[in-house]
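Each chain, written out:
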Amino acid sequence: MLGDECFKLAKEAKDVTPDHIPAYNEELVRLVTQESRYLWRRVVELIQATESSSQQSSSGVFSPSQSTSKPDLSSQPFSNDPADVSRSMESENMQGQVALYVHTIERNKRCLMAYHRKRAEFLQSLLWAVHLAPTMVPQNVSQRLAPEEQNYAREYAKLNMKYRDSVEATLCPNDSLDWALNGEVPPRDLLIEVRVHRDCGEIVTQSGIVNLQAGTQHYLCRSDVEHLLTIGYLEHINPT
Amino acid sequence: MARRDYYDIDDILAGQERVPCLLRVDLDGLGTAGSGTSKVQRNQRWALPYWMGERLDTEGFIEMSTPAVFSKRASRMYAASATSMQLRAISPHYYQFGLQLADIVPGLPAVLRNMYMERVQRVAQISQQGQNVEGLEFVQSLDRTEAKLMQKYQAAQGAMADWQHGRAYKLDKAGVF
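Residues numbered from 1 in each chain as written. Chains lettered and ligands numbered in written order. Predicted model: local features only at pLDDT ≥ 70, side-chain atom pairs only at ≥ 80, totals over all residues. Heavy atoms only, no water.

For chain B, an unreviewed UniProt entry supplies the name DNA replication complex GINS protein PSF3 and the organism Linderina pennispora. What UniProt records for chain B under Sequence similarities (unreviewed entry) is the sentence "Belongs to the GINS3/PSF3 family." In its Function (unreviewed entry) section, the UniProt entry covering chain B states "The GINS complex plays an essential role in the initiation of DNA replication." (UniProt positions renumbered as here; feature names shortened; annotations may be inferred.)

You'll find chain A entered in an unreviewed UniProt entry as DNA replication complex GINS protein PSF1, with Linderina pennispora given as the organism. Under the heading Subcellular location (unreviewed entry), UniProt records this for chain A: "Nucleus". As recorded by UniProt, the Subunit (unreviewed entry) comment attached to chain A reads in full: "Component of the GINS complex."

Here it is, written out as structure tokens:
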């Protein structure tokens, strides 16, 4: 039935969770857009067919009992002439058909928009998790994104950086603020205990240079290491 | 009437549920891909998805009638034993779909509300008890809206335990990694 394809898209959009995104279904998207374009062409054909047939009957060829120039449903409600009745039925059919196609096109559009919007929202939250560094996105996730979505991710990061560059001088002239920090969990402690899971090399902290080797534990300033925590290189050990 | 978000996926999914309709005109394109013809003649009964039915009904091309799940008889039956109804088997989008139909079917908001109020108490009870074998059957019969609510309840319980053990302020790695 019409509208079944875009329903599949809606179901795929439902599968997008904060932890997981299914692969971009380019095949289905193309199918839905092709169906919409085909239906629109049919709508135009049907309307043109009605207009041309109304012009023909205005010359008086089909029905001599006709008084008006266009076979309008409202102008001849009580006509018993079978030709008129069948013509008005056909015109009703055509109107219904056009309405059906137009509503299907609108439904397709809605499903497409919702699908892409869900994925774009996922991308945005993913980018904030990797601190606006598109290169840190794990391989298995970036494989499932379409090229346009990867481009979107890069452009989003660039846009944020551009904003930061333009207002940094006026908003925080002395300190260097980490603009890519995820602000969801409010900071509680200034210094945190972390255990290193993957080798990060050396990082520059406010108290000097620290060498982060796998398996070691450190007591460091929160703002220095937060970006390594969200991507899993370090683990936060909570004092209970 | 509740405002429906254009981008809401649950709204889109719920709108796909079928309603029985009487066609006033011939319509093409309604059959499935496998059947022979897809043209449906006028004055035939056909089950259309709600999004299609509502639009064509307001324009007069079809006449939509109440689906079986929301009929008076069914509503009375459900209200008699609200907590033992298998909503997921009957209609997984029961509440969402009912909200969409609320303007057309008289008395539907009251029916939905009563069902919801009775069942939601049981949902809260079960999620507070943690792992519970008796409640498993009820949990499997929940509709989508109730299932989401149950997940939120359980997450809230977990958050309480986390806070008590000092895990609330722990920085975690993001879910994708």
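The discussion continues.
Engineer: Even after reading the chapter, I still don't get the sheet that holds strand S1 (residues 18-23) of chain B, so can you show me in this structure?
Structural biologist: Strand pairing in a sheet is mediated by backbone hydrogen bonds. Such pairs are either parallel or antiparallel. Residue and element names in this part refer to chain B. Overall, antiparallel pairing links the 3 strands, which are arranged S2-S1-S3 in an open sheet. The sheet is open, and its two edges are formed by strand S2 (45-49) and strand S3 (62-64), each paired on a single side. On average, each strand axis in the sheet is tilted by 40° relative to the strand beside it, whichever way the strands run. Across 3 bridges, S1 lies against S3 in antiparallel orientation. Looking at S3, one finds that Cys 21 is bridged to Met 64. (Pairing = 2+ DSSP bridges. Helix = DSSP H or I, 4+ residues; strand = E, 2+ residues; numbered from the N terminus. Axes fitted to C-alpha atoms, helices over the stretch in contact; angles between N-to-C directions.)

Engineer: Please explain the packing of aromatic side chains as it appears in this structure.
Structural biologist: Note on aromatic pairs: each is described by the distance of the centres and the angle between the planes. All told, the structure shown has 9 aromatic pairs over all chains when counted by the stated rule. Taking the centre distance of 6.3 Å and the plane angle of 25° together, the rings of Tyr 152 of chain A and Tyr 156 of chain A count as stacked. With a gap of 4 residues between them, Tyr 152 of chain A and Tyr 156 of chain A both fall in helix H5 (residues 147-171), about one helical turn apart. Residue Tyr 152 of chain A is classed as partly exposed on the basis of its relative accessible area of 32%. Relative accessible area serves as the criterion here: at 17%, Tyr 156 of chain A is assigned to the buried category. Among the aromatic residues, ring-to-ring pairing joins Tyr 50, Phe 70, Tyr 78, Tyr 94, Tyr 95, Phe 97 and Tyr 116 of chain B into one connected group. Sitting over the face of the ring of Tyr 7 of chain B, Arg 117 of chain A holds its NZ or CZ atom 4.3 Å from the ring centroid. (Phe/Tyr/Trp six-rings, centres within 6.5 Å; stacked < 30°, edge-to-face > 60°. Buried < 20%, exposed > 50% of the residue type's maximum accessible area, 1.4 Å probe, protein only. Lys NZ or Arg CZ within 6 Å of the ring centre and 35° of its normal.)

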